[in-house]
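Next come the chains, spelled out residue by residue.
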Amino acid sequence: MRYAFLIICLYFLSFQGVFSQEQPNIILIMADDLGYEALAAYGNDYNQTPHLDKMIAGGMKFENAHSMPLCTPSRVQLMTGKYNFRNYKGFGILDPKETTFGHLLKAQGYATCVVGKWQLYGNAKQRELAAGQGGSLPLEAGFDNYRLWQVKELGSRYKDPLLDTRETGVEMFEGKYGPDLFVDYLETFMEKNTTNPFFAYFPMVLTHDPFEPIPSSVAFSDYDPKTRLNDPELFPDMVKHMDHLVGRIIKKITDLGIAENTLILFIGDNGTDRDVTSTVNGVLLQGNKGYTNDLGTHVPMIAYWPGKIKAGSINPNLIDFTDFVPTLMEASGAEMKGDKFFTDGISFYPQLLGNENPKNKREWIFCHYVPNWGKFEPRTFIHNTELKLYKNGEIYQLKEDLYEKKAVKKADLDKKSQKVIRSFEKVLTRNMQ
């Protein structure tokens, strides 16, 4: 079945010549529970991220990237390029019938690797909530190499981590730090693939709670993760270590001499934990993970590719998580045939290279959010950078109302804004048919 599936993937894609290292390596890094307001580059007055700052100085910073409000909906959308109403089965679950960017890039000749947080197989409770639907294992999702936390078993993700590695199976690494072990494995993978293209997906466990000491902290050596310390005051340290790992990855591709043929993308998966409050340009902002306002969906995004992306670029355009699949495919040299492969996304690859036209720029972002987890409310909406319309008719002016405390009436908007809302109403009707 797996061989047949790969043949189908090859049929979906038109190849441009024989596979070669002319295809860029691709590294996609996704921080866990990291909204835009948590980074200095977006105005945070406290958190220090020198390596991400260097990425921005040498690459492109995106100002309007938006995820789903919660981790699994974001991951399913990111990996498949489809809106959640098409394929989201339940929290912690990736339908094994879905085609992921792992499958697609593998079919393009890429070596594939995933390290970090999996959480897509589904435990007993998650399968119950999803009406018995089971999830995917990394091999089933197109990744031949992996070191992951929470595949079938839980355990610690930070100190004394319980990890599942392709070559050695499930192990507990006493005294070690999970995030460091992920990058160790990733570095080895890159060393083995310096002459052929590779795709590395790194859904980090940082900066998700529990908020615990990092290895450079004096408290780390004596800390027992079984005590389940969860102190939001340690969040800046975890941001710092997340940034340190990004620096390790950049140094590795530089040392291997492949930096100019490697595209690195950095994103957050959803808003910051609600227990974390950031000071942004002197204003206190509370993380809103799980909720559909700006603080729940607005995430950092950085692209780095020496010699290809103009250093110090600022991109104000809207980016949605469905956009990553077509972008990675275009970067790989594949021609996406519309009648053979479906995506809701729009490739932003031309924007990376400074080639912009209306065809590769979004006018709006659509979100269908039914998390089936916790107490989070299902909501469907559409927005641009100024206005948001919910399916129930609520309208918010985003720049003046980040937390969406006060809905406005369409009749009270100016004519230009009313025209935008009317166009949003049509999109909502069309997308849910």
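Look up: the structure comes first, before these words.
Scoring rules and cut-offs
Residues numbered from 1 in each chain as written. Predicted model: local features only at pLDDT ≥ 70, side-chain atom pairs only at ≥ 80, totals over all residues. Heavy atoms only, no water. Helix = DSSP H or I, 4+ residues; strand = E, 2+ residues; numbered from the N terminus. Rg over C-alpha atoms; globule rule 2.2 N^0.38 Å. Buried < 20%, exposed > 50% of the residue type's maximum accessible area, 1.4 Å probe, protein only. Contact = heavy atoms within 4.5 Å. 1 Å grid on protein atoms, 1.4 Å probe; cavity = no way out; pocket = protein on both sides within 12 Å on 5 of 7 lines; lining within 4 Å. Points joined across faces, edges and corners; volume = space filled by probe spheres on them. Nonpolar A, V, L, I, M, F, W, Y, C, P; charged D, E, K, R; others polar. Pairing = 2+ DSSP bridges. Axes fitted to C-alpha atoms, helices over the stretch in contact; angles between N-to-C directions. Core = buried A, V, L, I, M, F, W, Y, C linked by side-chain atoms within 4.5 Å. Arc of directions from axis to C-beta. Salt bridge = Lys/Arg side-chain N within 4 Å of Asp/Glu carboxyl O. Polar contact = N/O pair within 3.5 Å; in protein donor to acceptor, adjacent residues only side chain to side chain.

Chemist: Help me out: how do you make sense of the overall build of the protein in this one?
Modeler: Secondary structure assignment for the protein yields twelve helices and 18 strands. Scaling as 2.2 N^0.38, a compact globule of 433 residues should have a C-alpha radius of gyration of about 22 Å, and the protein matches this with 21 Å. Considered along the principal axes of its C-alpha atoms, the protein spans approximately 60 × 55 × 50 Å. Across the 433 residues that make up the protein, the buried fraction comes to 60%. At a minimum sequence separation of 6, the contacts of the protein that also span at least 24 residues come to 70%.

Chemist: Where do I start with the layout of surface pockets in this structure?
Modeler: Once rolled over the atoms, a probe with the size of a water molecule shows which space is left empty. Looking at the largest pocket, its volume works out to about 430 Å³. Along the walls of the largest pocket sit 23 residues, with Trp149, Leu154, Arg157, His208 and Arg228 positioned nearest its centre. Taken together, the residues that form the lining of the largest pocket break down as ten nonpolar, seven polar and six charged. In this structure, the second largest pocket occupies an estimated 360 Å³ of space. Looking at the lining of the second largest pocket, the element that brings in the most residues is helix 12 (residues 415-431), giving seven residues. Looking at the lining of the second largest pocket residue by residue, the class counts come to five nonpolar, four polar and six charged.

Chemist: What exactly am I supposed to notice about the sheet that holds strand 3 (residues 60-66) here?
Modeler: Strand pairs in the sheet, formed through backbone hydrogen bonds, run parallel or antiparallel to each other. An order of 7-6-5-4-8-2-9-12-3-13 is seen for the ten strands of this open sheet, with the pairing classed as mixed. For this open sheet the edge positions go to strand 7 (169-172) and strand 13 (313-320), each flanked by a neighbour on one side alone. Looking at each pair of strands side by side, their axes are set apart by 15 degrees on average, direction ignored. Across four bridges, the pairing between strand 9 (residues 262-268) and strand 12 (residues 298-304) is antiparallel. Its bridge partner being in strand 12, Ile264 is matched across the sheet by Tyr304.

Chemist: Would you mind showing me how to read the nonpolar core here?
Modeler: Generally speaking, soluble globular proteins have nonpolar side chains that are buried together. Formed by 55 residues in total, the largest nonpolar core has its most connected members in Met242 and Phe266. Elements with a minimum of two residues in this core: strand 2 (25-31), helix 2 (50-58), strand 4 (111-117), helix 7 (178-191), strand 8 (198-203), helix 8 (235-255), strand 9 and strand 12. Considering each element in turn, this core owes the most residues, nine residues, to helix 8. Setting aside residues no more than four positions away along its own chain, Phe266 makes contact with Ile29, Ala31, Leu34, Leu39, Leu52, Met55, Met242, Val246, Pro300, Met301 and Ile302. Counting residues in hydrophobic clusters, the runner-up holds 53 residues, among them Ile26, Val325, Leu328 and Tyr390.

Chemist: Explanation requested: helix 2 in the structure shown.
Modeler: Since the α-helix turns once every 3.6 residues, residues separated by three or four places project in the same direction. Inspection of helix 2 places Leu52, Met55 and Ile56 among the buried residues, and these make up the whole buried set. Looking straight down helix 2, one finds its buried side chains confined to an arc of 95 degrees; they lie on one side. Exposed residues on helix 2 whose side chains face more than 90 degrees from its buried face are Lys54 and Ala57. Summarising the contacts, the buried residues of helix 2 are in contact with strand 3, helix 8, strand 9 and strand 12.

Chemist: What is the right way to read the pattern of salt bridges from this model?
Modeler: When the charged atoms of two side chains with opposite charge come close together, those side chains can pair. One pass over the full model with this rule turns up 17 salt bridges. Among the salt bridges present, the one from Glu98 reaches Lys82, with a minimum N-O distance of 3.1 Å. Note that Glu98 is positioned in the loop between helix 4 (84-87) and helix 5 (101-107) and Lys82 in the loop between helix 3 (71-80) and helix 4, a separation of 16 residues in sequence. The class for Glu98 is buried, based on a relative accessible area of 11%. Arg248 is the salt-bridge partner of Glu187, the closest N and O atoms lying 2.9 Å from each other. Taken together, the residues span a long stretch of sequence, with Glu187 in helix 7 and Arg248 in helix 8 at a distance of 61 residues. Each member of the pair, Glu187 together with Arg248, is buried.

Chemist: Quick question: what am I supposed to make of the sheet that holds strand 16 (residues 379-383) here?
Modeler: In space, the four strands of this open sheet follow the order 15-16-17-18, with antiparallel pairing throughout. The open sheet has two edge strands with one neighbour each: strand 15 (365-369) and strand 18 (395-397). Across this sheet, the average inter-strand angle for adjacent strands is 15 degrees, counted without regard to direction. Pairing of strand 15 with strand 16, which is carried by five bridges, proceeds in the antiparallel orientation. The residue of strand 16 that forms the bridge with Tyr369 is Arg379.

Chemist: Can you walk me through the environment of Phe211 in this structure?
Modeler: When you line up the elements, Phe211 lands in the loop between strand 8 and helix 8. On a C-alpha basis, the gap between Phe211 and Ile314 in space is 32 Å, while along the polypeptide they are 103 residues apart. In contact with Phe211, other than residues within four places in its own chain, are Leu229, Asn230, Asp231, Pro232, Leu234, Phe235, Met238, Asp273 and Val276.

Chemist: Looking at this structure, how should I read the side chain of Asp33?
Modeler: Tracing the backbone through its elements, the reader meets Asp33 in the loop between strand 2 and helix 2. Overall, Asp33 belongs to the buried group, its relative accessible area being 0%. Within the structure, Asp33 has its side chain in polar contact with the side chain of Lys289 (distance 2.9 Å). Beyond its immediate chain neighbours, meaning those up to four positions away, Asp33 contacts Thr207, His208, Phe235, Asp269, Asn270, Gly271, Thr272, Asp273 and Lys289.

Chemist: Can you walk me through unusual backbone geometry in this structure?
Modeler: With the exception of glycine, the majority of residues adopt a negative phi angle, and the majority of peptide bonds are in the trans configuration. That bond from Leu206 to Thr207 is cis: its omega, 10 degrees, falls within 30 degrees of zero. Along the polypeptide, Thr207 turns up in the loop between strand 8 and helix 8. Of note, Asn372 is a non-glycine position whose phi angle comes to about 55 degrees, a positive value. Along the chain, the position of Asn372 falls in the loop between strand 15 and strand 16.

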